[in-house]
Amino acid sequence: MLASGFTHQARSSPRMCIRAVSPEHAAAIGGLARRLGARPAGVKTTPGNVVLFGRESSAGLLLRLGAPDAAALWEAWVPPLPADPAGFASFSVANVNRSRQGAARQVAAVREALSRLGDQAPAGLAAAGRLRVEFPDLSLEQLGARHCPPVSKDTIAGRLRRLCAHGQRITASEVAGS
């Protein structure tokens, strides 16, 4: 056997890796891939003699080598990137996902604080909290624009943070008083 393969999720970019038995074999695999129209993402001749193929070239290489089932498995394993003309799709997708996860955590914390504080929640903080719960997908800037009167995203963020902290203090004092 001259080579074996495996898949690897490097940071946010999935790769198909081919481990060759020697640096010469790795170079030959890279040259063959180039002749077949696939561009190796890199050839590492130290430990393991690995030829790396990125997202785009892996499926094409598998098809040209006569492995359509493996190409279909690769396509199913690797989710497609949304089109981004600037080429920063993975960064923008990661940022959007991180933002949504943060908003979801904040909504849960605000709901908890509002339920614990009830009518004792300060009016300005409660208004910001109700906006966050009512519009969980909006950015802080958009929430600030919906606030009456409109406020900056920093103001909304501060009010939400203070509301959650106030709810946690109430919880801590209840636990200490028990």
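Residues numbered from 1 in each chain as written. Predicted model: local features only at pLDDT ≥ 70, side-chain atom pairs only at ≥ 80, totals over all residues. Heavy atoms only, no water.

Draft legend 1. Region of the structure containing the overall build of the protein chain. A count of helices and strands for the protein chain gives seven helices and four strands. Order of helices (α) and strands (β) in the protein chain, N terminus to C terminus: β-β-α-β-β-α-α-α-α-α-α. The buried share of the protein chain, reckoned over its 178 residues, is 30%. (Helix = DSSP H or I, 4+ residues; strand = E, 2+ residues; numbered from the N terminus. Buried < 20%, exposed > 50% of the residue type's maximum accessible area, 1.4 Å probe, protein only.)

Draft legend 2. Structural detail: the confidence of the model for the protein chain. Taken over all residues, the pLDDT of the protein chain has a mean of 78, while the share at 70 or more is 74%. The least confident element of the protein chain, judged by mean pLDDT, is strand β4 (residues 50-53) at 62; the most confident is helix α5 (residues 123-134) at 93. (pLDDT = per-residue confidence, 0-100.)

Draft legend 3. Structural detail: the layout of surface pockets. Size it by volume and the largest pocket reaches roughly 220 Å³. Taken together, Val96, Ser99, Arg100, Ala103, Ala104, Gln106, Arg132, Pro136, Asp137, Leu138, Ser139 and Leu140 make up the lining of the largest pocket. Looking at the lining of the largest pocket element by element, the count peaks at six residues for helix α4 (residues 89-117). Taken together, the residues that form the lining of the largest pocket break down as six nonpolar, three polar and three charged. (1 Å grid on protein atoms, 1.4 Å probe; cavity = no way out; pocket = protein on both sides within 12 Å on 5 of 7 lines; lining within 4 Å. Points joined across faces, edges and corners; volume = space filled by probe spheres on them. Nonpolar A, V, L, I, M, F, W, Y, C, P; charged D, E, K, R; others polar.)

Draft legend 4. Expanded view of α5. A rise of 1.5 Å per residue sets the reference length of α5, with its 12 residues, at 16 Å; its end C-alpha atoms lie 16 Å apart and thus fit the reference within 8%. Those residues of α5 not exposed but buried are Leu125, Ala126, Ala128, Gly129, Leu131 and Arg132. (Expected span 1.5 Å × (residues − 1).)

Draft legend 5. Representation of the side chain of Arg132. Counting through the fold element by element, Arg132 comes out in helix α5. Here Arg132 occupies a buried position and makes no salt bridge, while the nearest side chain of opposite charge, Asp137, is found at 6.9 Å. A polar atom in the side chain of Arg132 sits 3.0 Å from the backbone oxygen of Pro136. In this structure, Arg132 is in contact with Ala103, Gln106, Val107, Val110, Asp137, Leu138, Ser139, Leu140, Leu143 and Leu160, ignoring residues within four places of it in sequence. (Lys, Arg positive; Asp, Glu negative; His and termini not counted. Salt bridge = Lys/Arg side-chain N within 4 Å of Asp/Glu carboxyl O. Polar contact = N/O pair within 3.5 Å; in protein donor to acceptor, adjacent residues only side chain to side chain. Contact = heavy atoms within 4.5 Å.)

Draft legend 6. Broad picture of the environment of Gln120. Positionally, Gln120 belongs in the loop between α4 and α5. Between the alpha carbons of Gln120 and Gly167 there is a distance of 10.0 Å; along the sequence they are 47 residues apart.

Draft legend 7. The pattern of salt bridges, seen in detail. This model, assessed by the stated rule, comprises one salt bridge. Glu112 is the salt-bridge partner of Arg116, the closest N and O atoms lying 2.6 Å from each other. Linking Arg116 with Glu112, this pair stays in helix α4, spanning four residues, or about one helical turn.

Draft legend 8. Focus on unusual backbone geometry. The omega angle of the peptide bond from Cys148 to Pro149 is -5 degrees, so this bond is cis rather than trans. Structurally, the position occupied by Pro149 is in the loop between α6 (140-146) and α7 (153-177).

Draft legend 9. Representation of the nonpolar core. Core analysis: the biggest nonpolar cluster contains 14 residues, and Val110, Leu117, Ala121, Ile156, Leu160 and Leu163 have the highest contact counts within it. Elements supplying a minimum of two residues to this core: α4, α5 and α7. Residue contributions to this core peak at five residues, all from α7. Residues contacting Ala121, with those up to four places away along its chain left out, are Ala126 and Leu163. Ranked by size, the runner-up nonpolar core spans eight residues in total, among them Ala38, Leu61, Ala71 and Trp74. (Core = buried A, V, L, I, M, F, W, Y, C linked by side-chain atoms within 4.5 Å.)

Draft legend 10. Here's a closer look at the environment of Cys17. You can see Cys17 is positioned in strand β2 (residues 13-20). You can call Cys17 buried: its relative accessible area is 2%. For the pair formed by Cys17 and Ser4, sequence separation is 13 residues and the distance between their alpha carbons is 8.4 Å.

Draft legend 11. Representation of the side chain of His147 in the model. Locating His147 in the fold gives a position in the loop between α6 and α7. For His147, the side chain forms a polar contact with the side chain of Arg159, separated by 3.2 Å. Excluding its chain neighbours within four sequence positions, the residues that come into contact with His147 are Ala127, Leu131, Ile156 and Arg159.

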